[in-house]
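Each chain, letter by letter, is given below.
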Amino acid sequence: MATISDTYIENRERVQPDDANNYGSAHGGNVAKWMDEVGAMSAMRHAGETCVTARINRLDFERPIPRGDICVIESYAYATGRTSIRVRLRAYREAPRTGEREQTTESYFVFVAVDDDMRPTEVPELAVGSDRCRTLRDEALDGETE
């Protein structure tokens, strides 16, 4: 049984000119795509199966990520259903020279585990194995209801 910490992933994308909109910041569609990809990785790490996006509960863009900065995607699974995995995702802008970071985007995705025939398949329960796991889960559940 995987723990919440086992599903925790951080990934980075440098915002290149092709990723930017006409205002010189990351196009929201690109940020959403990066979040979807990393979120699926967290879900698959827990399920041990291919996972597909079923729902995006919220996608709040709070501030831009300028071209040339790094988009850091933080992802972890925090709850499961019979075939589904709920994943919290946050994006940050990170200055490449200093590592200074600020949150730019937050979302909650639901993924469904599927078998080789693309039929939903059951997932194991998600363990809360430590204080860190409990904190991550509680923050995600609190954020879902805001």
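For every chain, the first residue of the written sequence is number 1, and numbering continues from 1 onward in sequence order. Thresholds applied to this predicted model are a pLDDT of at least 70 for local features of residues and 80 or more for the giving and counting of side-chain atom pairs; totals over whole chains, interfaces and linings are not thresholded and use all residues. With hydrogens and water excluded, all non-hydrogen atoms of the structure serve as input to the side-chain values.

(A) Main features of the UniProt feature "domain: HotDog ACOT-type" (unreviewed entry) in the protein chain. Here the UniProt-annotated "domain: HotDog ACOT-type" (unreviewed entry) positions come out as residues 5–117. Where helices and strands are cited, they refer to DSSP runs of H or I of at least four residues and of E of at least two residues respectively, numbered from the N terminus. The span residues 5–117 is 18% helix and 48% strand, and its two end C-alpha atoms sit 29 Å from each other. UniProt positions are given in the numbering used here, feature names are shortened, and annotations may be inferred rather than shown by experiment.

(B) Representation of the confidence of the model for the protein chain. Across the chain, each position has a pLDDT score giving the predictor's confidence in that residue, from 0 to 100. Residues at a pLDDT of 70 or more form 99% of the protein chain, whose mean pLDDT is 95. No element of the protein chain has a lower mean pLDDT than helix H2 (residues 131–144), which averages 92, and none a higher one than strand S4 (residues 84–94), which averages 98.

(C) The side chain of Thr7, seen in detail. One can find Thr7 in the segment before strand S1 (9–14). Take Thr7: its relative accessible area is 0%, and that puts it in the buried class. Here, two residues are considered to be in contact whenever any of their heavy atoms come within 4.5 Å of each other. Not counting residues within four places of it along the chain, the set of residues in contact with Thr7 comprises Ser42, Arg45, His46, Ser75, Tyr76, Ala77 and Leu126. For each residue, the accessible area found with a 1.4 Å probe, counting protein chains only, is set against the maximum for its type, and the residue is called buried under 20%, exposed over 50%, and partly exposed in between.

(D) Expanded view of the pairing of S4. When you tally the buried positions in S4, you get 10 out of 11 residues, the bulk of the element. In the sheet, strand S3 (residues 70–80) pairs with S4 via 10 bridges, with the strands oriented antiparallel. For Tyr76, the partnering residue across the bridge sits in S4 and is Arg88. The loop that links S3 with its antiparallel partner S4 comprises three residues. Criterion used throughout: strands pair if DSSP finds at least two bridges between them. Note: S4 against strand S5 (residues 101–114), 11 bridges, orientation antiparallel.

(E) Quick peek at the nonpolar core. In plain words, nonpolar cores are sets of buried Ala, Val, Leu, Ile, Met, Phe, Trp, Tyr and Cys residues tied together by side-chain atoms within 4.5 Å. Of all hydrophobic cores here, the largest spans 32 residues; its most connected members are Ile73 and Ile85. A total of seven residues in this core trace back to one element, the largest contributor, which is helix H1 (residues 28–47).

(F) Seen up close, unusual backbone geometry. Positive phi is not limited to glycine here, since Met118 has a value of about 65 degrees. Tracing the chain through its elements places Met118 in the loop between S5 and H2. On the basis of relative accessible area, Met118 is assigned to the exposed category, the value being 52%.

(G) Just H1, in detail. For a helix, the expected span equals 1.5 Å multiplied by the number of residues minus one. Its 20 residues give H1 an end-to-end C-alpha distance of 28 Å, which sits within 8% of 28 Å, the value for a rise of 1.5 Å per residue. Along H1, the residues classified as buried are Asn30, Val31, Ala32, Trp34, Met35, Val38, Gly39, Ala40, Ser42, Ala43, His46 and Ala47. Where H1 is buried, its residues contact S1, strand S2 (50–61), S3, S4 and S5. Remark: Gly48 follows H1 within two positions and exhibits a positive phi of approximately 70 degrees.

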